Structure formats: C-alpha cells, structure tokens
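# Notes for the structure review
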Amino acid sequence: MGKQISKLNDIASAYGKLLREADSLLTRQDLEILKEHIRDNSFSATTNEAEINEYDLNGINRLWRSLSTAAELCHSIAPDRSIIAAVLLYPLFRTKHITLSEISEKWNDDIATLVEGLENVQELYSQHGTVASENFRNLMLTLAKDIRVVIIMIVDRLVVMRAINHHPDQEMVQQTAMESSYLYAPLAHRLGLYKIKGELEDLSLKYTNREMFTRIAGKLNATKQSRDAYIASFIRPVKEALERQGLKFEIKGRTKSIYSIWNKMMKQHNDVEQIYDLFAIRIILDVDRDHERSECWLAYSVVTDMFQPNPSRLKDWLSVPKSNGYESLHITVLGPEDKWVEVQIRSRRMDEIAETGVAAHWKYKGIKSENDLDSWMNHVREILEDSASSPMGLMRNLNMDLYSKEVFVFTPKGDLYKLPVGATLLDFAFQIHSRLGCTCVGGRINGRSCKINQELHSGDTVEVITSSTQQPKLDWLSIVVTSKARNKIRQTVNEINNRRAELAKELLQRRFKNRKIEVEEAKIMKVIKKLGYKTVTDFYNAISDEQIDVNHVIEQYEQLESPVDQTSEIRSAEEFTFRGDSTAESSDSGNDVLVIGDGVKGVNYKLARCCNPIYGDNVFGFVSSEGVIKIHRQTCPNAAHIHERYPYRIIQTRWSGKAGSHFVSTISIVGTDDIGIVTNVTSIISKESRSSLRNISIDSHDGLFHGYLVIGVESKKVLDDIIKKISTVKGVKNVQRTN
C-alpha cells in the first residue's frame, strides 16, 4: 500500500512539473484528453486503490517515464505541442490502448507520425539490443524518419539514466550506460545539446566505473569553491592586460566535466592532479577576418608574458588549420600556485566554425561520421540555436533521408549490415560470405520464407538457406545490385566453366589414348572450328554437358589425320611423295644428323612431341597426313599403335654424324624435401657444358618433393650421364626420363 502511494506520489510530482514547464504548449482541451486517456487506460479499475500496471523492460513505470521525459523536453529545449503530445501518447499506443488512426483523428497526423517513429525505433531495440555498430545509429536515424523523434529519444535516455542509479539489475544498468556513451551522447553533441551530452557521459562513467567517478567527483567537490576563486583570479589580470592592448574579446573559464577528466587520465596515464588542462580558459576575440591571426598572436604574447608557457603543449592550428577547418591557438601556462591552465585563443568566426560549422569539435574528440550527416546535423543545430524562430516548427519540414540510398538489415544473431537500396536476399548472402552467396537457395525475412530475388528493407532480419548442390548462374547477375556479388558470381561461373572444361579435356584425351591416337593441339583447334564453337571453353563445356559426343569429335579428328583414300592403292613408304613445309623442324642439309629411308637427307621432319626423341635414341619415321615425317622413339607410347595401324607409312630412320644442337627432354625427380637439394640438382646441369636447364617445376607434400626438369641436351649419352649424377645426390629417391 505504502509502495503504491509512493509511486503515485512520484507520478503526481512528474505531472505537476510537466504542467509548470508546458504551460504555454498544451491547451486545456489537450490536458483533458490526456487525463482521460491516463485515467481510463493506465490505472486498474478493479480495485478501490489506484494501481499502476504498466512498466517498460527496465522496470520503470511507463506513465512516470513519459511525464518526466515531456517535462525534461520542456526544460532543456523548446519543444512544440506535437512533441509533448507524442511523448505522452506513445506509452498508450505501445500498450494498445490507442491506435495511430485514433491519434490522427483526435490529435493530428504530425503527432501520429512521431508516435510511429518512436515505435519503429522501439521495435528495433526489442529485436536487437546491441548498439555497438556504426550501422545501428544509421538504421535508427532511418527508422526514426523525423529529427524530433531523435531528440525525444535523447531526452528520454537522460530520464532513464537518472532513474537507474540504484537499479537492482546491474547488467541492464551497464548496457544502458554503454549505449548512452556510444550512441546518445555523440548524437546530443551533434545536435548542440551540450548540457545533455555532458550529463549522459558523466552518468555513463558513474554506472560503468562508479569508483573512479566518485573519486574524481569528490576531489572536484572538495575544491569547487577554491577552484572557482582560482579561475576568477586567473582571468582578472589577463582581462585587464588584454583591455590595455585595446582588444575586444570575451573570456570564459571552466572546469572540465568528470567524464572529460577521466578521458584525459586514461590517455595520459595520470592522476587528476597531473592533468594539464583541468582548468580551461577561452579567449574569443571580436575582430575582422583580415586581422584575426595577428590579434590571436597578440593575445598569446600577453598571456605568455604573464605566465610561463609549456612549449611542448603549444598547438598552433592558426598557421596550419586542421583538415576539418578547425582553427585555434592552444597554450598551457603555469598559473598561480603552480597549477597548469589551458588557454584557447580564437576569433569569433573560428569559434563559430568550431562549435557549429562543420562539427569540428566532436571530430577533434575522435568520433567518426559521414560528411552528409555532418552538414545536415549542423543545419539542425543552427535551427535549435536560432531563438528568433520556432525550431520545432521548422523541423517538421526536415526530411530524414540521410540514408535513402541504403538499407540496414540484421542477421538472426543481431549483426547489422549495410546494403544499397534495391539489394536482395542474394546480395545479403554474398555480403556475409562469398561461399554463403554461391550456395544460397532462398531464405527467411522476418521469419517468412522468400526467394533469392526478394528485395530487402531497413530493419529486416534475414536468414540465408543454402544447399551444397547449388552453384552460381549467370542469370543471377540480373538479381543482384552490389558489385561484390556481381564480381563473385562472374568469377565463380568462370571457375566452374574452366573446371568443367578441364575435366572434359581430360576425358577427350583419355579416349584418344585408349584408341592410341596421337593428339595435336593444332588439329584439335581445326576440329573445334569445324564444329562451329567460338572458344575452346565452349567446346569442352559442350562435351561436359553432353551436347556433343566424344566419339563424334574423334571421328572428325581422324578425318583430318587420315586423308588417304582407303580404296586407293596401298603404297610403300619408299614410294610416298613428300611435300615441302617451311615450318617443319629440320636441319640444313649440310648439317643433318638424321638419315631417313635409304640414305635420304634434306627431308622435312619434326621431332614428335609425344616422346621427344634426342640424339642417340632408337627412332623411326612416320609419314603424317601433311607429308611431313615425324620422328618417334621406338619406345614411344604411340609406337605400337602406329606400327599396327599404319605400317605402310613407317620409314626407317637413324642418327648420323655428331650431335651439334640441343634436344629437349624432361626428367622426373622424387626426393626428400630438404633445403639445398634443388640447388644441388640444378648445379649438376649447369656444370655440364653440353646441356642447359630450360624449365623447372617443384611441388612438395608430406616431406617429399616431386619435380620436373626440362633440359636441353646434345645426346642421349649426355642425358644418361646427368640422370646418373642426379641419382647420387643425397635425398634423391628416384630420377628418370619421362618422354
């Protein structure tokens, strides 16, 4: 009973304060309608005693909170009727005692819009309680839609922070304090609500580090009288000296806030007594722009003549202004009683820029922001500071479209992501992770199933559904709008096509090998062109998709390989007529090292790539369809097939004379993956004057390396010697010729 009366007394006190503060804002009719709503909906009618039955998630009575917020708004800023009415009606709307249509009908559309904005932000909080993200602030501003909603939220947070000083739920208190420091205090600063910003920061420190707060506050309170007297004694002679110089100025002194002092202590790793700028004096000169700097330096000389300066603490932003436009001269001097005092010297123009121009002050404090938000917030702050106008009336026309080109969406775990307007579920999947995007088959938005092309809206909670069998497709490019998604789709589709093409190529090569047919890239290209494919990848993808039969490709290839009419008379190799080929790999007749047929020299020939014969190998000649003789080793993988199928096109061949040029050969090496083993192997080749290293590739796995060396040698004997020497290298387990 006593507890209920206490609550009622608190509400009555808040209501009385509101009536005093909002005397000129709410009409008698407004008050009667509000009292009717409160009486009918906020108190239980089931008992003789009035019982308040509506509380928020923090355990704070909704009615008391709304009355206190409305009263604080009247005290701190110049609100309009819509703001006060919206604050008082919102808890009734929240508890479904009144609807937006009823608010529009009984009050007006403007108030209904503010209530809707408050509900949007409240829903955001109920779904995602964390604000530790720059995107959360952006989303909150987007959902609020009206700057007055943001102002209501800032003042409401101040009311809550004052109310939770001794709240039993310390976890809630800590979270509320951190939100105030991270989100609401910076917003208040941007809007020019400096007093609210300072109190929010101090209360945040109080709740998150009560011991430090109490310690700093105790020291400041113990010295307040002497501190005020000290500041006055410091200003008095400075003021007189500046006046003697004929300067027009304003001089102000202050002690930094508890939060600001704590910040300095953390950065400088000092105690309160060691903070240089615990006292701060600001000299603002009334001077035209042409004489700003000269008068600032004149004021500097006056102060430093009177007090000893600390050169290491001089900050000259007059000569070189900050990149954000901030201009000022900061000095720290040793005042009476050997106490350090910071003195800031600037012109009136510089002070206006620092305070209201481009938000340089809070940037100077290290808070990030966007340029568009800077200028827009400064415009709002100018409206707030313009006492000649009706600030809240002007704010009705301000459009909260800062992020009209962006949407902010959540993961089921509460992580927040920013995407461009028009982004789809598929864009979101790629934004989270490329692998998630590549396997996305659909998802759920706010719990409802949707397709990958579903467009997202700010505040949505998005869940992605994947399948291991899903692969990106080119038509996905018409679904996504982000460059990240587009690039990854193109890249992945190309990779898939290339892999499929490689597999198809391997399949084709195996079929050729099974039929013991030697494959030449030039002829394959002719087949591809003949079949009408523009690219090699398209050709192999057609094989992979079974759009073209491998056997058909082989038949087309064999037609190029076998131009000899099967019905014509079979002739011996000696009777075959050779055609000249300027591109064939042959030596000049005077330097031929091959004797083909019955002592014939000067014939065009090529060394077959399938076995790469070198001087000294047992070889034979094969007359190709182009009329060029290809030289194969007798041990060539294709030799048996050639002898069986084309015996009439085989011609005896032997080496003659001395080797005079290098032949290409490849050797395979397997060995222990030790440092220096590759160097030892390559040095053997480099020391051999009759050989040269053309190429090397090494791959290591599980302590072993496997390498291929392409070398040029004069003869088989040289190659055999090199293989023998390499086999003696420590760590080499196997070395052999591969072709």
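Residues numbered from 1 in each chain as written. Predicted model: local features only at pLDDT ≥ 70, side-chain atom pairs only at ≥ 80, totals over all residues. Heavy atoms only, no water.

## Overview of the nonpolar core
- Counting residues in each nonpolar core, the largest one holds 59 residues, and the members touching the most others are Leu18, Leu73, Ile84, Ile103 and Ile154.
- Elements with a contribution of two residues or more to this core: helix H1 (2-21), helix H2 (28-41), helix H3 (62-76), helix H4 (81-94), helix H6 (109-127), helix H8 (147-163), helix H9 (170-190) and helix H10 (194-208).
- No other element matches the 11 residues that H8 contributes to this core.
- Ile103 has contacts with Leu89, Phe93, Ile98, Asn108, Ile111, Ala112 and Val115, leaving out every residue within four places of it along the chain. (Core = buried A, V, L, I, M, F, W, Y, C linked by side-chain atoms within 4.5 Å. Buried < 20%, exposed > 50% of the residue type's maximum accessible area, 1.4 Å probe, protein only. Helix = DSSP H or I, 4+ residues; strand = E, 2+ residues; numbered from the N terminus. Contact = heavy atoms within 4.5 Å.)

## Observations regarding the pattern of salt bridges
- Under the definition given, this model contains 19 salt bridges.
- A salt bridge links Lys197 to Glu201, with the nearest nitrogen and oxygen atoms 3.4 Å apart. Taken together, the residues Lys197 and Glu201, both in helix H10 and 4 residues apart, mark about one turn of the helix.
- Judged by relative accessible area, Glu201 falls into the buried class, the value being 11%.
- A salt bridge links Arg737 to Asp617, with the nearest nitrogen and oxygen atoms 2.8 Å apart. (Salt bridge = Lys/Arg side-chain N within 4 Å of Asp/Glu carboxyl O.)

## Some points on unusual backbone geometry
- One non-glycine residue, Asp338, adopts positive backbone phi at about 60°.
- Along the polypeptide, Asp338 turns up in the loop between strand S7 (329-334) and strand S8 (340-347).
- A positive phi angle, close to 45°, is found at Asn612, a residue other than glycine.
- The topology assignment puts Asn612 in the loop between strand S15 (605-607) and strand S16 (619-623).
- The class for Asn612 is buried, based on a relative accessible area of 19%.

## Section: the sheet that holds strand S11 (residues 440-445)
- The 3 strands lie next to each other as S12-S11-S13, forming an open sheet whose pairing is antiparallel. Looking at the sheet topology across the chains shown, the edges are occupied by strand S12 (448-450) and strand S13 (462-466). The sheet shows a mean angle of 30° between the axes of neighbouring strands, taken without regard to direction.
- As paired elements, S11 and S13 share 5 bridges and run antiparallel to each other. (Pairing = 2+ DSSP bridges. Axes fitted to C-alpha atoms, helices over the stretch in contact; angles between N-to-C directions.)

## Re the environment of Asp316
- In this fold, Asp316 is placed in strand S6 (residues 315-316).
- Measuring from C-alpha to C-alpha, the distance between Asp316 and Glu327 comes to 8.4 Å, with 11 residues separating the pair along the chain.
- Contacts of Asp316, omitting those with residues within four sequence positions, involve Trp297, Ser328 and Leu329.
- At a separation of 2.9 Å, a polar atom in the side chain of Asp316 contacts the main-chain amide nitrogen of Leu318.
- In terms of polar contacts, Asp316 uses its side chain to reach the side chain of Ser319, at 2.7 Å. (Polar contact = N/O pair within 3.5 Å; in protein donor to acceptor, adjacent residues only side chain to side chain.)

## Some points on the sheet that holds strand S14 (residues 594-596)
- Reading across the sheet, the 5 strands line up as S14-S18-S16-S17-S15 and stay open at both edges, with mixed pairing between neighbours. Two strands bound the open sheet, and with one partner strand each, they are S14 and S15. Neighbour to neighbour, the strand axes of the sheet diverge by 30° on average, direction disregarded.
- With 3 bridges connecting them, S15 and strand S17 (residues 629-633) associate as parallel partners. Paired with Lys606 across the bridge in S17 is Lys630.

## A word on the side chain of Gln556
- Considering the arrangement of structural elements, one finds Gln556 in helix H24 (residues 550-561).
- According to the relative accessible area criterion, Gln556 is buried, its value standing at 11%.
- A distance of 2.8 Å separates polar atoms of two side chains, one belonging to Gln556 and the other to Lys530.
- Here Gln556 is in contact with Val527, Lys530 and Leu531, once residues within four sequence places are set aside.

## What to know about the environment of Val593
- One can find Val593 in the loop between H24 and S14.
- Distance from Val593 to Tyr615, taken between C-alpha atoms, is 8.1 Å for residues 22 residues apart in sequence.

## Considering the packing of aromatic side chains
- Tallying each qualifying case throughout the model produces 11 aromatic pairs.
- Their ring planes at 75° and their centres at 6.5 Å tell us that Tyr646 and Tyr648 sit as a pair that is edge-to-face.
- Owing to a relative accessible area of 9%, Tyr646 belongs among the buried residues under this scheme.
- The class of Tyr648 is partly exposed, set by a relative accessible area of 26%.
- Centroid distance Trp655 to Phe663: 5.5 Å. Interplanar angle 80°. Geometry classified as edge-to-face. The residues Trp655 and Phe663 share a single accessibility class, namely buried.
- Over the aromatic face of Tyr230 sits the side chain of Lys339, whose NZ or CZ is 5.1 Å from the ring centroid.
- When the ring centre of Tyr646 is taken as reference, the NZ or CZ atom of Arg649 above it lies at 4.8 Å. (Phe/Tyr/Trp six-rings, centres within 6.5 Å; stacked < 30°, edge-to-face > 60°. Lys NZ or Arg CZ within 6 Å of the ring centre and 35° of its normal.)

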